[in-house]
Amino acid sequence: MSNDYRRRLAEEMERNPFSTLIDAIYTIVLHDIISYKYETADHIKEATLAEEFGVSRSPIRTTINRLAEQGFVVKEKNAAAMVKAFTPQERNDLIQVRRTLEPTAMAYAAQRMTDAEIKILETYMKKLSKACLAGDMLSAFEYENKFHDHIMLCSHNPFIIKEYDALRHYFYQSRMFFTSNHGFYEFYIQEHELLVAVLKLHDKELARAAMIRHLSLLSDSSRPDARANVDAVSCKINSLRSD
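Residues numbered from 1 in each chain as written. Predicted model: local features only at pLDDT ≥ 70, side-chain atom pairs only at ≥ 80, totals over all residues. Heavy atoms only, no water.

A. Spotlight on the overall build of the protein. Along the protein, the regular secondary structure elements total 11 helices and three strands. Listed N to C, the secondary structure of the protein is α-α-β-α-α-β-β-α-α-α-α-α-α-α in terms of helices and strands. Going through the 243 residues of the protein one by one, you find that 47% of them count as buried. Of the roughly 12,000 Å² that the protein leaves accessible, carbon and sulfur atoms contribute 53%. (Helix = DSSP H or I, 4+ residues; strand = E, 2+ residues; numbered from the N terminus. Buried < 20%, exposed > 50% of the residue type's maximum accessible area, 1.4 Å probe, protein only. Areas by Shrake-Rupley, 256 points an atom, 1.4 Å probe, with all protein chains shown as cover.)

B. Region of interest: the pattern of salt bridges. Tallying each qualifying case throughout the model produces 16 salt bridges. Residue Arg61 is joined to Glu46 by a salt bridge in which the shortest nitrogen-to-oxygen separation is 3.0 Å. Taken together, the residues Arg61 in helix H4 (residues 57–69) and Glu46 in helix H3 (residues 46–53) connect sequence positions 15 residues apart. Overall, the relative accessible area of 5% leaves Glu46 in the buried class. Among the ionic pairs, Asp149 bridges to Arg168, the shortest N-O distance being 3.1 Å. A residue pair is termed long-range when its members are at least 10 positions apart, and Asp149 in helix H7 (residues 137–153) and Arg168 in helix H8 (residues 158–179) qualify at 19 residues. Taking the relative accessible area as the measure of exposure, Asp149 reaches 13% and is therefore buried. (Salt bridge = Lys/Arg side-chain N within 4 Å of Asp/Glu carboxyl O.)

C. Expanded view of the pairing of strand E2 (residues 73–76). As paired elements, E2 and strand E3 (residues 80–83) share four bridges and run antiparallel to each other. If you follow Glu76 over to E3, its bridge partner there is Ala80. Connecting E2 to the antiparallel partner E3 that follows it, the hairpin turn spans three residues, and Asn78 within it adopts a positive phi of roughly 60 degrees. (Pairing = 2+ DSSP bridges.)

D. Focus on the sheet that holds E3. Spatially, three strands are ordered E1-E3-E2 in an open sheet, and the strand pairing comes out antiparallel. Strand pairing shows two members of the sheet lacking a second neighbour, strand E1 (43–45) and E2, which therefore form its edges. Within the sheet, the average angular offset between the axes of one strand and its neighbour, ignoring direction, is 30 degrees. Sheet contacts for H4: E1, E2 and E3; angle to E2, the most-contacted strand, approximately 125 degrees. (Axes fitted to C-alpha atoms, helices over the stretch in contact; angles between N-to-C directions. Contact = heavy atoms within 4.5 Å.)

E. The pairing of E3, seen in detail. Note that E1 and E3 share three bridges and pair antiparallel. Bridge pairing links Ile44 to Ala81 in E3.

F. Molecular detail of the side chain of Glu144. Along the chain, Glu144 turns up in helix H7. There is no salt bridge for the buried Glu144, and the closest opposite charge comes from Arg175, which lies 4.3 Å off by N-O distance. For Glu144, the side chain forms a polar contact with the side chain of Tyr188, separated by 2.8 Å. When near neighbours in sequence (up to four residues on either side) are disregarded, Glu144 contacts Leu128, Arg175, Thr179, Tyr188 and His192. (Lys, Arg positive; Asp, Glu negative; His and termini not counted. Polar contact = N/O pair within 3.5 Å; in protein donor to acceptor, adjacent residues only side chain to side chain.)

G. Fine view of the environment of Ile160. Tracing the sequence through the fold places Ile160 in helix H8. Measuring from C-alpha to C-alpha, the distance between Ile160 and Glu102 comes to 8.9 Å, with 58 residues separating the pair along the chain. In contact with Ile160, other than residues within four places in its own chain, are Leu101, Thr104, Ala105, Tyr108, Met152 and Ser155.

H. Up close: the nonpolar core. One finds Val29, Ile33, Ile44 and Phe53 to be the most contacted residues of the largest nonpolar core, which totals 39 residues. Here this core takes eight residues from helix H2 (residues 21–34), the largest share from any one element. (Core = buried A, V, L, I, M, F, W, Y, C linked by side-chain atoms within 4.5 Å.)

I. How the structure looks around the side chain of His150. Counting through the fold element by element, His150 comes out in helix H7. A relative accessible area of 10% means that His150 is categorised as buried. Setting aside chain neighbours within four positions, we find His150 in contact with Met113, Glu117, Ile120, Leu121 and Tyr124.

J. H7, seen in detail. Here H7 is 17 residues long and its end C-alpha atoms lie 24 Å apart, about the 24 Å a rise of 1.5 Å per residue gives. In terms of burial, H7 is a largely internal element, 12 of the 17 residues being buried. Burial in H7 covers these residues: Met137, Ala140, Phe141, Tyr143, Glu144, Asn145, Phe147, His148, Asp149, His150, Ile151 and Met152. (Expected span 1.5 Å × (residues − 1).)

Here it is as structure tokens:
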């Protein structure tokens, strides 16, 4: 695998010349975890990865530490880590939990968000779009999480926020599964623009429905009617704006 990792590292650095060596290695290893090239309970050894990437152990150590902080691996003795990624079933179970909590938060946010809070959300949306257009996965992941964190906070419902805080770590992992897919970015940008547009209408039920649809499309983004669903919601929003 050493030749493959070295080739992919060179390609990643060429694709994003502003990326650091650590970020490039992290992106590659994370992609392999998310795409199940590593299975749960597989072991990742610092020395082995360093040899396969053709780098010193320092950037590998930083990568493993970052993955451990995000819950993708569990650090072990002897400079190793055990993969702790979701199984396909766990990922689907978590999506069902997201479909329960996030639409409710979205409905509350539609009623309670201030204009200033909507402007902050728009800022996150624009930075997310910029990152997607640049193919910057790490920044896209950062602003995707800030976007959804902000919606949760703007529900101004302490019970929802408490539940979200307990699950935040798992939600981040769930989102990374989609954020790591560069081919999905154009659709991703349109999705978040639509969520902001819906919140500006302050319509509780439309906001709830928009988030349910958003999560449904993300969990089945390969469906040929996904694009049509986005267009249909756009028409609904434009119709409400003109009323």
